[in-house]
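Each chain is listed here by its residues.
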Amino acid sequence: MPARPQTIAGWLDWAVRAYARKKVSLGQVADNAHDEALYLLLRTLELPLESPRSVLRRKVTSEQAARVAEIFRRRLDERVPAAYLTREAFLGGHKFYVDERVIIPRSYFVELLPEIAELLEDTVRSPGCASRSAPARGVKRVVDVCTGSGCLAVLLAHQFPTAKVDAIELSPAAAAVARFNLAQHGLGDRVTLHRSDVFDAVKPARYDLILSNPPYVPTREMRDLPDEFRREPAMALDGGRDGLDIVRKLLRQARERLQPRGIVALEVGQARPALEKSFPELEPHWLHTQDGEDCVCLIPAARLKSWNG
Ligand SMILES: C[S@@+](CC[C@H](N)C(=O)[O-])C[C@H]1O[C@@H](n2cnc3c(N)ncnc32)[C@H](O)[C@@H]1O
């Protein structure tokens with residue numbers, strides 16, 4: 001590297017140009033190089049993330065410059081995702097511990113959960129309970145299948161403060177991270193973590209909401225993923241031949257796991273066309289997302305019951 005930048009702003013300019021030159025892949029922590037590089041700078045220099053812009057004028061000591069150069073070497077040359085360098089990720093204003101044992105949280109459920117909750121609260125009230133005199137049944141039990149870091153189980157616990165929450169994960173390594181995050185969030189007692197292949201090892205129970213952000217990348221596309229994404233656990237991404245192995249199993253098992261008015265909520269990314277082609281009779285209801293990805297769908301229990309899949 002030629003002469004090192006003298007200020008934080010100088011490092012930020014240098015980093016943004018280096019991200020472009022080295023064609024770094026984004027999308028795990030931020031969707032643009034400026035925001036990700038600024039985040040890494042502030043964390044490496046142990047400055048608050050909400051620092052005022054004036055902090056950019058600060059001079060960087062030679063010891064700090066060495067630390068910053070090393071962090072960007074790992075990010076830009078080794079292609080280590082920023083969240084694995086800092087060991088943290090944010091979702092819905094909550095902070096989660098992450099490392100290479102789990103995928104970095106970036107689910108669309110963070111944006112859609114309030115809408116799903118509203119729909120569900122309306123749905124689970126039986127017609128008789130709609131009158132003011134009869135208490136609403138309410139949402140009593142929800143589950144996050146394929147919980148990874150546990151991030152969505154935590155969001156569910158906050159969204160449904162009186163519901164019992166289950167979280168299911170097959171990888172022992174990921175489950176250990178989920179257990180840590182649940183404890184960090186003070187939810188170790190309220191959220192029950194199960195080590196299970198979808199529902200195989202979970203005692204029979206009926207849920208109002210089965211939510212899942214499962215692996216959905218078709219196996220043949222795994223090797224084309226950018227280096228940063230291939231550093232995430234393959235088990236968190238690889239969804240089998242058509243990307244729907246786990247989805248298929250989950251939908252079949254969900255028939256016996258949902259309350260009569262319950263709902264399955266699934267995030268399937270680019271596997272939406274495959275899902276629509278494979279299960280047209282399920283007529284999933286796709287929710288609109290701010291960036292137009294629209295890859296989260298809802299399927300009611302009644303439709304699953306009459307499905308022969
Ligand atoms: C796409 S990640 C989602 C993690 C987390 N819910 C999130 O949104 O960040 C999928 C997770 O499913 C887990 N998984 C894969 N196959 C599974 C299975 N058959 N049963 C349960 N969990 C599974 C993976 O280990 C991974 O942690």
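Scroll up to find the structure this text is about.
My aim in this report is to walk through the structure given alongside it, one point at a time.

With respect to the sheet that holds strand β9 (residues 296–300)
In space, the 7 strands of this open sheet follow the order β5-β4-β3-β6-β7-β9-β8, with mixed pairing throughout. Because the sheet does not close on itself, it has two edges, and the strands there are β5 (191–195) and β8 (285–287). Neighbour to neighbour, the strand axes of the sheet diverge by 20° on average, direction disregarded. Inspection of the sheet shows strand β3 (residues 141–145) paired to strand β4 (residues 164–169) by 5 bridges, in the parallel sense. Its bridge partner being in β4, R141 is matched across the sheet by K164. Helix α6 (residues 151–159) contacts β3, β4, β5 and β6 (207–212) of the sheet and is inclined by roughly 165° relative to β3. Strands β4 and β5 of the sheet are contacted by helix α7 (residues 172–184), whose axis makes an angle of about 170° with β5.

Remarks on the pattern of salt bridges
Oppositely charged side chains may form a pair once their charged atoms are brought near each other. As enumerated under the stated definition, the model contains 25 salt bridges in all. The partner of E228 in a salt bridge is R79, with the nearest N and O atoms 3.7 Å apart. Here the residue E228 occupies a position in helix α9 (residues 227–230), and R79 occupies one in the loop between α3 (62–76) and α4 (82–86), the gap between them amounting to 149 residues. R248 is the salt-bridge partner of D245, the closest N and O atoms lying 4.0 Å from each other. Here R248 and D245 lie together in helix α11 (residues 245–254), a separation of 3 residues that amounts to about one turn.

Re the pairing of β3
Summarising burial for β3: 4 of the 5 residues are buried, a large majority. Read as a crossover between parallel neighbours, the route from β3 over α6 to β4 is right-handed. Pairing geometry for β3 and β6, over 4 bridges, is parallel. Directly across from D144, in β6, lies its bridge partner L211.

Description of the site of the ligand
Taken together, 20 residues surround the ligand, and among them C146, E169, D197, V198 and N213 come closest. Contacts to the ligand include V198, whose backbone N or O atom sits 3.0 Å from a nitrogen atom. With the chains in place, 96% of the 600 Å² that the ligand exposes on its own is no longer accessible. For the shell around the ligand, the secondary-structure elements that each account for two or more residues are α6 and α10 (234–237). Residues belonging to the shell around the ligand are distributed by class as follows: 12 nonpolar, 6 polar and 2 charged.

Quick look at the pairing of strand β2 (residues 94–97)
In this structure, strand β1 (residues 88–91) lies alongside β2, joined through 4 bridges in antiparallel fashion. By the bridge assignment, E88 is partnered in β2 with Y97. Hairpin connection, β1 to β2: the antiparallel pair is bridged by 2 residues, and G92 has positive phi, about 60°.

Cut-offs applied
- Residues numbered from 1 in each chain as written.
- Predicted model: local features only at pLDDT ≥ 70, side-chain atom pairs only at ≥ 80, totals over all residues.
- Heavy atoms only, no water.
- Pairing = 2+ DSSP bridges.
- Helix = DSSP H or I, 4+ residues; strand = E, 2+ residues; numbered from the N terminus.
- Axes fitted to C-alpha atoms, helices over the stretch in contact; angles between N-to-C directions.
- Contact = heavy atoms within 4.5 Å.
- Salt bridge = Lys/Arg side-chain N within 4 Å of Asp/Glu carboxyl O.
- Buried < 20%, exposed > 50% of the residue type's maximum accessible area, 1.4 Å probe, protein only.
- Right-handed = clockwise from strand over helix to strand, strands pointing away.
- Near = heavy atom within 4 Å.
- Polar contact = N/O pair within 3.5 Å; in protein donor to acceptor, adjacent residues only side chain to side chain.
- Areas by Shrake-Rupley, 256 points an atom, 1.4 Å probe, with all protein chains shown as cover.
- Nonpolar A, V, L, I, M, F, W, Y, C, P; charged D, E, K, R; others polar.

Geometry only, nothing functional implied.
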